[in-house]
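Architecture at a glance
Below, each chain spelled out in residue letters.
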Amino acid sequence: TKSVFPGAAVSQSIGTDRPDFAETSSTVGKGSVQIEGSVAFDETETLGAEAETFTTPFLFRVGIADGWELRLESDWFIRSTLQGGPAAPEVTTQGVADFAVGMKWAFFAPETGNAPAMAALVHADLPTGSDTFRGSGTRPSLRFVAEWALEGDWGIGVMPGILYDSDDGRRFMSGIFGAVVGKGLTDSLGAFVEIAFEQIT
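For clarity, every value in this text was computed on a predicted model and none was experimentally measured.

Thoughts on the packing of aromatic side chains
- Scanning the entire structure with this criterion turns up 6 aromatic pairs.
- For the ring pair Trp68 and Trp105, a centre distance of 5.4 Å and an interplane angle of 10° mean the geometry is stacked. You can see Trp68 sitting in strand β6 (residues 68-74) and its partner Trp105 sitting in strand β9 (residues 99-108), a full 37 residues away along the chain.
- Look at Trp105 and you get partly exposed, because its relative accessible area is 38%.
- A connected cluster of aromatic rings, assembled from ring pairs, spans Phe58, Trp76 and Phe99.

See below:
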């Protein structure tokens, strides 16, 4: 975490929202900027068709007050390869994904006890991507996060939410849910297992 204002002290450890789907309950801190980036590869097979997708996701976080941060994120560059079947030609498409703007509010951080740390996130996905990867209209979402810090560097997080989506001009509401269990292995290395539902219709 880097302070962008002279004299602003940063004492907290860095907590990242990537690479897992479920967000953390913490913010970066007032006057701090944090950039999280990665490369991601996904392979899906459905009814004999195979799709491979390569992306370069990033998340840009700016602390504007205690417990509040502004956020900008995107899957950024996308390269998608579709193989429709044994006789079908392979088709590769590449471009830029939509951007999302949002805000996180960390509204509860217990000092002691078994209560979870909690936060709320409001995001809006904007139709800013390339033609092939552009979503339909603005898609707002609301998510809540609860995190439990356990003994032995174990942690559990859950993230329910709702998404107001659009498809070919039809607007509909869908659910969001993520749950993650993580374990700190060293001061700089950890592991996690996660289940994620990005759209429950």
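On we go from here.
Points about the confidence of the model for the chain
- In the predicted model, the chain carries a mean pLDDT of 88, and the fraction of residues at 70 or more is 93%.
- Counting contacts from residues 1-11, a segment whose pLDDT is below 50, to residues more than four positions away or on other chains yields 18 contacts.

A look at the pairing of strand β11 (residues 139-150)
- Note: strand β10 (residues 117-126) against β11, 9 bridges, orientation antiparallel. Across the sheet, residue Ala117 finds its bridge partner in β11, namely Glu147.
- Taken together, the 8 bridges between β11 and strand β12 (residues 154-167) define a ladder with antiparallel strand orientation. From the neighbouring strand, Arg143 faces β12, where its bridge partner is Gly161.

Overview of the nonpolar core
- Counting residues in each nonpolar core, the largest one holds 7 residues, listed as Ala22, Leu121, Val145, Met159, Leu163, Ile176 and Val180.
- Contributions of two or more residues to this core are made by β12 and β13 (170-184).
- Beyond its immediate chain neighbours, meaning those up to four positions away, Ala22 contacts Asp17, Met159, Gly178, Val180 and Glu194.

Some points on a negative patch on the surface
- A cluster of acidic side chains, namely Asp42, Glu43, Glu45, Glu50, Glu52 and Glu90, defines a negative patch on the protein surface.
- Those elements giving two or more residues to the negative patch turn out to be β3 (40-46) and β4 (49-55).
- Looking at the negative patch, the element that brings in the most residues is β3, giving 3 residues.
- Tracing the chain through its elements places Glu90 in strand β8 (residues 90-96).
- You can call Glu90 exposed: its relative accessible area is 56%.

Criteria and thresholds
Numbering of residues begins from 1 in every chain and follows the order in which that chain's sequence is written. Selection of residues for local features in this predicted model requires a pLDDT of at least 70, selection of side-chain atom pairs for listing and counting requires 80 or more, and totals for whole chains, interfaces and linings are taken over all residues. Side-chain metrics in this entry use all non-hydrogen atoms of the structure; hydrogen atoms and water are not considered. Any Phe, Tyr or Trp ring, taking Trp's six-membered ring, that has another such ring centre within 6.5 Å forms a pair; planes under 30 degrees apart are called stacked, those over 60 apart edge-to-face, and the others tilted. Labels follow the DSSP assignment, with helices taken as runs of H or I lasting at least four residues and strands as runs of E lasting at least two, numbered in each case from the N terminus. For the exposure calls, accessible area comes from a 1.4 Å probe over protein chains only, and a residue counts as buried if that area is under 20% of its type's maximum, exposed if over 50%, partly exposed in between. Known as pLDDT, the predictor's per-residue confidence is scaled from 0 to 100. Contacts were defined at the residue level, with two residues in contact if any of their heavy atoms lie within 4.5 Å. What makes two strands pair is DSSP finding at least two bridges between them. Buried residues of nine kinds, namely Ala, Val, Leu, Ile, Met, Phe, Trp, Tyr and Cys, make up a nonpolar core once their side-chain atoms join them within 4.5 Å. Distance thresholds for patches are 9 Å for like charges and 5 Å for nonpolar side chains (Val, Leu, Ile, Met, Phe, Trp, Tyr), applied to residues having over 30% relative accessible area and no salt bridge. Using a 1.4 Å probe, accessible areas were evaluated by the Shrake-Rupley method; residue-level cover was limited to the displayed protein chains. Every case where a carboxyl oxygen of Asp or Glu lies within 4 Å of a side-chain nitrogen of Lys or Arg is listed as a salt bridge. Asp and Glu are treated as the negative residues and Lys and Arg as the positive ones, with His and the ends of the chain left uncounted. The location of each charge is read from NZ of Lys, CZ of Arg, CG of Asp or CD of Glu.

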